[in-house]
Amino acid sequence: MKAQFNYSSLFLAMLAAVSSPAFSADDSTQSTITDEAETVTVYGRALSLYRSQETSLATKTPTAIDDTPQSIQVLPQQLIEDQGARQITDLYRSISGVSQYSYSGVTFRGFRQDQILYDGVRGDPFNGFSIPQLFNIEQVEVLKGPSSAVMGSGEPGGVINYVTKKPTYEAHRRVSVTAGNQNFASGSVELSGPANEDETQRYRVAIYQDHENPSRNNTDVRNRIIDLGYAWDLGDTTTVTTQFTDIIQHYGGARLRGIPTDNEGNFLADINWNANETSDYQDLEAQVYQIKVEHDFNAWLSGDVTARYYENKETQKYHEPMGLVDTDGDGVYDWSKRQYRDQVRENQAGSLSANLVAELGSHTVLFGGDYYRLNEDYVYYVDKSVTGISLTDPEYGADTSGYTLTLSKQTESSSERYGAYVQDQWQLTDRWNVLSGVRVDGFKDKVNDLVENSISEYQGSGLSYRLGSTYQINPNLHPYAVVATGFVPQDASDQADSNGGPFDPEESLMYETGVRSYWFDNALNVNLALYHMVKENILQTDPDDDTRLVSYGKVRSQGVEVDMLADITENWTANLSYAYNDTRVKQAYDGISGSVGTRFANAPHHQLGLWTRYDITMLNSSVGFGADHVSEQYNQSGQIVKAYSVFDASWQTRWQQWQFQLNVKNLFDKEYAVSGFIDRTGHFPGEQRRIYLTANYEF
């Protein structure tokens, strides 16, 4: 009969097992470590490959996921590599309750959200319309539900946190090249390790470059990332880690909109149709600086301070679809009117976060505070008299140099977000934990509208709390429950009168309960979560005027999520995520599109993601298979976005210091839309079949 165990011992045992030369990812059997009277079970192969046992995201302290009273997923490096994921959109299948909305924005438990974190703090250099890349990301952490009690203002659906790659104590050197269809080519070099003999100083130097010509007309994409880091230990109690990242992202033929459809979701143009000309583009240039200081004051008191700063410039010159026309009177739209838009956004943002953690017997008490400031300069020119384009026989070659541009918007805005919080993790017994936390937030926004010659200022405060508990019925069943609130001031740039502002802050309340369970000697891990959320004062693009915003009164989201990890056989593992969500408008202001009871935009009822891997040990190889199903959705204009199912496959093998990997995405080359926006801009098409062959050399 197995003895009971605590999770700190479990984690230490896992670290010991992983660091042992006898351990590898191919070990598929469970083992036990006996230390006098205590027996610790080491999880099986599937959980070792694809599941982290601990994270600091939900609590800002190292906490076992099983002791966290809120749904959380961690996508480790192994899963990212196996799926051949290059950007965050490649991973949505593995996150229950998350689907693509537009660009980097996602639908998260029924609500649209764009905010993401890096190493637990604010400062997203891809903010706006650019898509986060994964080259310098070690793992992706996803917290479901409101995180305002410790993270500050944030959407109630959840938050995605990117854990960046840091300098390492052991030497890691890798060169990688990839080639694929649609003229894809990439190369990268990553060097990391100790900078001196006693390993008290460590470095990271990495560079990545890619290029491709995606299938849609007039498009080309380039990404370049330079990632540097240096860390040093100041004695046994203090560690300083510095990082710098330089990002260049070019989307030719973009900012990409969708493809127009009829009300039933049928494309009205070829899957490669694009309203943009060859000369259109969206460019992003960004630089990110980060420093973190960690210090142990004594055996029971520790703290950390993180400062992050970035500046970026996003330039967009593109043709915007402005309405569909039936030119021949047959009842089918065949022409799209267009505008030409010239937009520049320049951002400078800085954040400062400090935490103090006290281990006081059965209590782990967290005190913290943070400050974030964003300055944005926005200039928007438009020509509303440009020639449209056919949906069925598009002719490109417009001379943009002859366009007459008129200044439409110009704003200088600043946003400040600040807060202080306290949290207590109380271990009442060996099996029962209680988490409680409260946070006070303040915000101050200023918008200088240079076109309207007006200055608007907004400020306010909010209170957020979280109360939850976990209980270990036995080693197999770990139920939890939590109630949490959220608070989100509207973006400063949205508050301008020209956008329809000012708008009240968003407020939300969530109830969630769930259970984490282990079966068949930990060969199967099943996590179940049920939630009910209400959110008020949600902004959406006005379907009748996309230069303005409108606010819904109240929207309710409820659903269930199931995540499974399984050792099917000794060499066969599977990762499955399913989510059911029902998000509906419960109260709408007069004159707002979307009546009470209607489903929210891009909030599918059902999502199913699968990734499975089979190891062929005699060949030192593995094969993988993935599936992604999203049920029917609606765009903001009420048009249907059809359900879709797509499939992926992979093959991976190792030979000496080489690793070769083949990934095929959208295996059967299905034409589909991942989401919709409004009727005149159409639905966002999913990628056509992509084939990538990668060679990695480690030395």
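Heads up: the structure comes first, above all this text.
Quantities reported herein were computed from a predicted structural model and do not represent experimental measurements. (Residues numbered from 1 in each chain as written. Predicted model: local features only at pLDDT ≥ 70, side-chain atom pairs only at ≥ 80, totals over all residues. Heavy atoms only, no water.)

Peer 1: Which residues make up the overall build of the protein chain, and what are the values?
Peer 2: Secondary structure assignment for the protein chain yields 4 helices and 38 strands. Expected size for 699 residues packed as a compact globule is a radius of gyration near 27 Å; at 25 Å, the protein chain falls within 12% of this value. Projected onto the principal axes, the alpha-carbon positions of the protein chain cover approximately 85 × 60 × 50 Å. Across the protein chain, contacts joining residues at least 24 apart in sequence account for 67% of those joining residues at least 6 apart. Accessible area for the protein chain stands at about 28400 Å²; split by element, carbon and sulfur atoms hold 54% of it. The averaged location of the 93 negative side-chain charges in the protein chain is 2 Å from the averaged location of its 54 positive side-chain charges. (Helix = DSSP H or I, 4+ residues; strand = E, 2+ residues; numbered from the N terminus. Rg over C-alpha atoms; globule rule 2.2 N^0.38 Å. Contact = heavy atoms within 4.5 Å. Areas by Shrake-Rupley, 256 points an atom, 1.4 Å probe, with all protein chains shown as cover. Lys, Arg positive; Asp, Glu negative; His and termini not counted. Charge placed at Lys NZ, Arg CZ, Asp CG, Glu CD.)

Peer 1: Let's hear about the side chain of Asp563: which residues, and what values?
Peer 2: As for its placement among the helices and strands, Asp563 is situated in strand S28 (residues 545-567). Nearest to the buried, unbridged Asp563 among oppositely charged side chains is Lys144, at 4.5 Å. A distance of 2.9 Å separates a polar atom in the side chain of Asp563 from a polar atom in the side chain of Ser577. Beyond its immediate stretch of four places on either side in the chain, Asp563 contacts Gln73, Ser96, Asn525, Val526, Asn527, Leu576 and Ser577. (Buried < 20%, exposed > 50% of the residue type's maximum accessible area, 1.4 Å probe, protein only. Salt bridge = Lys/Arg side-chain N within 4 Å of Asp/Glu carboxyl O. Polar contact = N/O pair within 3.5 Å; in protein donor to acceptor, adjacent residues only side chain to side chain.)

Peer 1: So what's going on with the nonpolar core? Residues and values would help.
Peer 2: Ile88, Leu91, Leu134, Val140, Ile160 and Tyr162 are the most contacted members of the largest nonpolar core, which has 34 residues in total. Those elements giving two or more residues to this core turn out to be helix H2 (45-50), helix H3 (77-82), strand S7 (105-108), strand S9 (116-118), strand S10 (137-144), strand S11 (158-164), strand S16 (238-252) and strand S17 (281-296). Among the elements that line this core, the one with the most residues is H2, at 4 residues. Apart from the residues within four sequence positions on either side, Tyr162 is in contact with Ile88, Ile116, Leu117, Tyr118, Asp119, Pro132, Leu134, Ile137, Gln139 and Val140. (Core = buried A, V, L, I, M, F, W, Y, C linked by side-chain atoms within 4.5 Å.)

Peer 1: Now, about the sheet that holds S7: what can you tell me, with residues and values included?
Peer 2: Read across the open sheet, the 3 strands follow the order S6-S7-S8; overall the sheet is antiparallel. With partners counted over all chains shown, the strands left at the sheet margins are strand S6 (98-102) and strand S8 (111-113), one partner each. Ignoring which end each strand starts from, the neighbouring axes of this sheet average 35 degrees apart. Across 3 bridges, S7 lies against S8 in antiparallel orientation. Note that in S8 the partner of Thr107 across the bridge is Arg112. (Pairing = 2+ DSSP bridges. Axes fitted to C-alpha atoms, helices over the stretch in contact; angles between N-to-C directions.)

Peer 1: Give a detailed account of the pairing of strand S25 (residues 477-488), specifying residues and quantitative values.
Peer 2: Counting buried positions along S25 yields 9 of 12 residues, so the element is predominantly enclosed. Across 5 bridges, strand S24 (residues 454-471) lies against S25 in antiparallel orientation. What sits directly across from Gly468, in S25, is Val482. The antiparallel hairpin formed by S24 and S25 contains 5 residues in its connecting segment.

Peer 1: An account of the pattern of salt bridges is requested, with residue identities and associated values reported.
Peer 2: Opposite charge on two side chains makes pairing possible when the charged atoms of those side chains draw close. For the structure on display, the rule yields 34 salt bridges. One salt bridge connects Arg109 with Glu512, and the closest N-O pair in it is separated by 3.0 Å. Taken as a pair, Arg109 in the loop between S7 and S8 and Glu512 in strand S26 (residues 506-519) lie far apart in primary sequence, 403 residues in all. Just as Arg109 is buried, Glu512 falls in that class too. Glu212 is paired through a salt bridge with Arg690; the nearest N and O atoms lie 2.8 Å apart. One end of the pair, Glu212, is in strand S14 (residues 201-212); the other, Arg690, is in strand S38 (residues 690-698), and 478 residues separate them in sequence. On the basis of relative accessibility, which here comes to 1%, the residue Arg690 falls in the buried class. Three or more residues joined by partner-sharing salt bridges are found here, namely Arg86, Asp210, Glu212, Glu687 and Arg690.

Peer 1: A description of the packing of aromatic side chains should follow, citing residues and the corresponding values.
Peer 2: Overall, the coordinates contain 17 aromatic pairs when judged by the stated rule. Considering the side-chain rings of Tyr371 and Tyr418, the 6.5 Å spacing of their centres and the 20 degrees angle between planes classify their relative orientation as stacked. Of this pair, Tyr371 sits in strand S20 (residues 363-383) while Tyr418 sits in strand S22 (residues 406-427); the two residues are 47 residues apart in sequence, bridging distant segments of the chain. Assessed through its relative accessible area of 34%, Tyr371 is described here as partly exposed. A residue is classified by how much of its surface remains accessible, and Tyr418, at 32% relative accessible area, is partly exposed. Grouped by ring-pair contacts, the aromatic residues Trp658, Phe660, Tyr697 and Phe699 constitute a single cluster. The side chain of Arg109 reaches across the aromatic face of Tyr531, ending 4.1 Å from its centre. Over the ring of Tyr169 we find Arg202, and its NZ or CZ is 3.9 Å from the ring centre. (Phe/Tyr/Trp six-rings, centres within 6.5 Å; stacked < 30°, edge-to-face > 60°. Lys NZ or Arg CZ within 6 Å of the ring centre and 35° of its normal.)

Peer 1: Can you tell me about the environment of Ala231, naming the residues and giving the values?
Peer 2: As for its position among the elements, Ala231 is in strand S15 (residues 220-234). A relative accessible area of 2% means that Ala231 is categorised as buried. Each C-alpha atom of the pair Ala231 and Gln100 lies 36 Å from the other, and the pair is 131 residues apart in sequence. In contact with Ala231, not counting residues within four places along its chain, are Pro167, Thr200, Gln201, Arg202, Val240 and Thr241.

Peer 1: Any details on the side chain of Ser351? Residues and values, ideally.
Peer 2: Structurally, Ser351 can be placed in strand S19 (residues 335-360). A polar contact is formed between the side chain of Ser351 and the backbone oxygen of Arg122, at a distance of 3.0 Å. Once you skip the residues sitting within four places of it in the chain, Ser351 turns out to touch Val121, Arg122, Thr306, Ala307, Arg308, Tyr371 and Tyr372.

Peer 1: Which residues make up a negative patch on the surface, and what values go with them?
Peer 2: Judged by side-chain charge, Glu170, Glu197, Asp198 and Glu199 come together as a negatively charged surface patch. Its location among the elements puts Asp198 in the loop between strand S13 (184-194) and S14. Note on Asp198: relative accessible area 51%, which makes it exposed. (Patch = residues over 30% accessible without salt bridge, like charges linked within 9 Å, V, L, I, M, F, W, Y side chains within 5 Å.)

Peer 1: Please provide a residue-by-residue account of the sheet that holds S9, values included.
Peer 2: Taken together, the 4 strands give an open sheet; going across it, the order is S5-S10-S11-S9, and neighbouring strands pair in mixed fashion. Only two strands of the sheet have a single neighbouring strand rather than two, namely strand S5 (72-75) and S9. Averaged over neighbouring strand pairs, the angle between their axes works out to 20 degrees when direction is ignored. Sheet topology places S10 next to S11; 7 bridges connect them, and they run antiparallel. What sits directly across from Glu141, in S11, is Asn161.

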